[in-house]
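# Chain and residue survey
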Amino acid sequence: MKLSEDGKMQRNRKSSRCGCRAYMRIVKRADFNVPEWRVTAFSNIHNHELLKANEVCLLPAYCTITPDDKARICMFAKAGMSVRQMLRLMELEKGVKLGCLPFTEIDVRNLLQSFRNVNRDNDPIDLIAMCKKLKDENPNFQYDFKLDGHNRLEHIAWTYASSVQLYVSFGDAVIFDTTHRLDAYDMLLGVWVGVDNHGMTTFFGCVLLRDENIQSFSWGLKTFLGFMKGKAPQTLLTDQNMWLKEAIAIEMPETKHAFSICHIISKFSDWFSVLLGSRYDDWKSDFYRLYGLELLEEFEEEWREMIDKYGLHDNKHIISLYALRTFWALPFLRPYFFAGLTSLCQSETTTTFIQRILSAQSLLDRFVEQVAEVVEFNDRGSKQKQPRKSLKVCLKTGSPIESHAATVLTPYAFGKLQEELLLAPQYASFVVDEGCFEVKHHTQMDGGCEVICVLCEEQISCSCHHFEFSGILCRHVLRVLSSNNCFHIPDPYLPSRWRLNSSSSINPLSNATRQHSEKIQLLESLTSALIAESIETKEHLDVACEQTAMVLSRIKDLPRTTQSANDIVYNCPSDLILPEVEDTDGIVQSFTMGTSHEPLTSGKLKDRRPRDGIDIT
């Protein structure tokens with residue numbers, strides 16, 4: 001008891017300092033961008049009496065009900081079981097003594113009461129009214145729902161008009177995240193997201209499911225395909241959920257399904273930290289190295305060596321991981337396009353975006369509208385993060401290939417290609433046969449990658465499958481192109497989904513445009529630059545609209561030629577300025593385009609002109 005300033009005795013606190021020397025120090029670490037808590041110091045020396053073992057579970061800190069136990073209790077309640085029957089059944093299931101569960105009868109009753117409050121105060125049926133209101137305001141808004149036999153909302157899904165448009169261009173690789181629940185409605189939250197040509201997260205759709213089973217997931221997937229006019233993604237990344245896995249195999253049989261490595265790694269601490277002890281960190285490093293291998297044979301061989309090294313032959317988690325290796329190991333996934341979604345960094349970005357959606361629960365009466373505002377805010381943020389002059393990029397190699405790619409790809413995609421270009425000189429290229437090359441690092445004696453490069457047929461491939469996996473040419477192919485005096489990347493290997501104007505690009509593979517792809521790329525680049533400069537101020541925008549209308553009117557008035565596409569002659573001015581690029585010294589350089597028969601990469605460097613924008617003659 002201590003005297004207060006006014007001399008009165010303070011109340012007797014429930015807990016007070018007694019000089020006990022017991023403590024535990026915990027440190028947060030982030031290996032491979034996945035956070036983990038580690039106990040770094042512990043002392044169990046007490047100077048006071050401790051509670052008995054059967055009393056510890058009554059402390060509030062120990063009275064926790066896990067999400068799995070909550071789901072079980074909810075199911076038991078629907079079956080009409082009493083609370084005591086629930087507790088006894090769970091004791092038998094967990095194999096614990098009577099009264100030794102980590103929660104008491106009172107805790108279960110409080111949980112059931114909270115469920116009743118949720119159903120009474122936050123009726124999910126209100127979501128239908130919200131969606132109907134948005135549909136009345138915007139006919140392009142889409143939603144669907146399902147009611148159960150008691151007229152309760154069982155499932156509901158919705159998407160926005162902008163999301164459907166984005167899916168057309170960027171719906172080839174999709175994440176379906178089902179690792180969160182909407183507590184206010186006690187429903188599973190599923191979110192479909194992807195990545196656009198600037199590497200920013202894009203929202204495709206949202207679903208709330210009452211139960212977590214094959215039927216529920218099948219309904220969600222089927223509804224999503226209905227929103228997207230039946231177009232299924234090429235690849236789909238999800239959590240390691242077996243019910244979802246079965247549903248995807250039924251509803252999207254042509255889609256390559258994969259598990260997120262981030263979700264798998266997040267479980268390692270529970271699975272292996274105690275089992276491996278001090279060797280746990282070394283095992284994680286070995287596992288992550290195996291995960292990133294290129295060849296299947298290497299993976300199989302080194303997996304066996306890892307199992308022998310750490311003695312994990314009979315571990316159920318290791319057996320399960322190996323059985324499902326085609327769903328998570330990169331050597332099995334590289335032949336499929338994932339647009340960089342498998343990276344841990346992208347997974348973290350996706351989680352942050354979904355957390356914003358979860359925060360919309362604060363205004364349940366406007367939940368669907370709040371999600372729309374989150375999506376709109378994310379889209380605005382993505383555009384603001386894009387460089388105001390998106391075509392001003394930093395050249396680092398001086399390669400004509402780099403200069404060419406800088407005028408076609410977005411800064412995000414160009415940065416990925418530039419990383420490969422910087423590493424390409426470290427590799428040696430050897431001719432094996434006509435059009436076939438062996439490429440290996442200068443320190444390698446054996447092995448390497450096999451590159452097929454037949455430029456006359458625009459046929460390029462590499463055994464590492466980097467292009468198929470990311471849509472960006474690998475260092476091995478770039479080394480071969482450089483060795484064979486190729487000064488630009490063939491058009492089919494600059495995918496439209498990574499281009500500056502991806503959504504409205506002309507199909508580069510069409511016969512009418514292939515012969516003049518460089519001119520078309522130039523026009524796309526100039527259009528993107530025009531938009532970037534025009535949005536600076538209202539005056540800029542007014543001038544841009546006026547001048548563009550005049551140019552379009554002049555083009556329409558030109559006589560339509562009957563010449564074939566191969567005979568068309570472009571009267572391109574010899575002083576046409578291409579978008580600015582910046583070298584590593586910060587000097588801005590501009591490429592010029594010569595006559596129509598000169599390749600884009602053969603332009604000469606001019607001195608910088610004192611101008612703010614891009615001049616179009």
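Counting starts from 1 at the beginning of each chain's written sequence and moves along it residue by residue. Reporting of local features is limited, given that this is a predicted model, to residues whose pLDDT is at least 70; pairs of side-chain atoms are given and counted only at 80 or more, and all residues count toward the totals for whole chains, interfaces and linings. Excluding hydrogens and water, the side-chain values take into account all heavy atoms of the structure.

## Re the confidence of the model for the protein chain
When pLDDT is averaged along the protein chain, the result is 80, and 78% of the positions lie at 70 or above. Ranking the elements of the protein chain by mean pLDDT puts strand 17 (residues 605-606) last with 36 and strand 9 (residues 256-259) first with 96. Residue-level confidence of the predictor is what pLDDT reports, using numbers from 0 through 100. Throughout, a residue-residue contact means that at least one pair of heavy atoms, one from each residue, lies within 4.5 Å. Predicted confidence for residues 504-514 stays below pLDDT 50, and this span has 16 contacts to residues more than four positions away or in other chains. This stretch, residues 562-617, has a pLDDT under 50; its non-local contacts, to residues over four places away or in other chains, come to 99 contacts. Put simply, DSSP H or I for four residues or longer makes a helix, DSSP E for two residues or longer makes a strand, and each gets a number counted from the N terminus.

## Observations concerning a negative patch on the surface
Patch definition: residues with relative accessible area over 30% and no salt bridge; like charges joined within 9 Å; nonpolar side chains (Val, Leu, Ile, Met, Phe, Trp, Tyr) joined within 5 Å. Residue-level accessible areas treat just the shown protein chains as cover; the underlying method is Shrake-Rupley with a 1.4 Å probe. We count a salt bridge whenever a side-chain nitrogen from Lys or Arg sits within 4 Å of a carboxyl oxygen from Asp or Glu. In this count, Lys and Arg are taken as positive residues and Asp and Glu as negative ones, while His and the chain termini are left out. Charge positions come from single atoms, namely NZ of Lys, CZ of Arg, CG of Asp or CD of Glu. Taken together, the side chains of Glu294, Glu297, Glu298, Glu301, Glu305 and Asp308 define an acidic patch exposed on the protein surface. Mapped onto the secondary structure, Asp308 falls in helix 12 (residues 296-310).

## What to know about the sheet that holds strand 14 (residues 459-462)
Sheet architecture is open: four strands sit in the order 11-12-13-14, paired in antiparallel fashion. Taken across any chain shown, the strands that pair with only one partner, and hence form the sheet edges, are strand 11 (427-433) and strand 14. Averaged over all pairs of adjacent strands, the angle between their axes in this sheet comes to 25 degrees, without regard to strand direction. Bridging between strand 13 (residues 449-454) and strand 14 involves four bridges; their strand directions are antiparallel. Each bridged residue has a counterpart across the sheet, and for Cys453 the counterpart in strand 14 is Ile460. Between N-to-C directions, angles span 0 to 180 degrees; the directions come from axes that are lines fitted to C-alpha atoms, helices contributing only their stretch in contact. Against the sheet, helix 20 (residues 475-483) touches strand 11, strand 12 (436-441), strand 13 and strand 14, its axis set at about 75 degrees to strand 11. Here, strands pair whenever DSSP counts at least two bridges between them.

## Examining the nonpolar core
Of all hydrophobic cores here, the largest spans 102 residues; its most connected members are Trp158, Trp283, Trp303, Trp328, Val368 and Leu473. Leaving out residues up to four positions away in the same chain, Trp328 has contacts with Phe259, Ile261, Ile264, Phe287, Tyr291, Phe299, Trp303, Leu321 and Leu333. Think of a nonpolar core as a cluster: buried Ala, Val, Leu, Ile, Met, Phe, Trp, Tyr and Cys residues, connected wherever their side-chain atoms sit within 4.5 Å. Exposure categories follow from relative accessible area, calculated using a 1.4 Å probe and restricted to protein chains: below 20% of the type maximum is buried, above 50% is exposed, and the middle band is partly exposed. If you look at the next biggest cluster of nonpolar residues, it comprises 23 residues, including Val164, Tyr167, Phe176 and Leu244.

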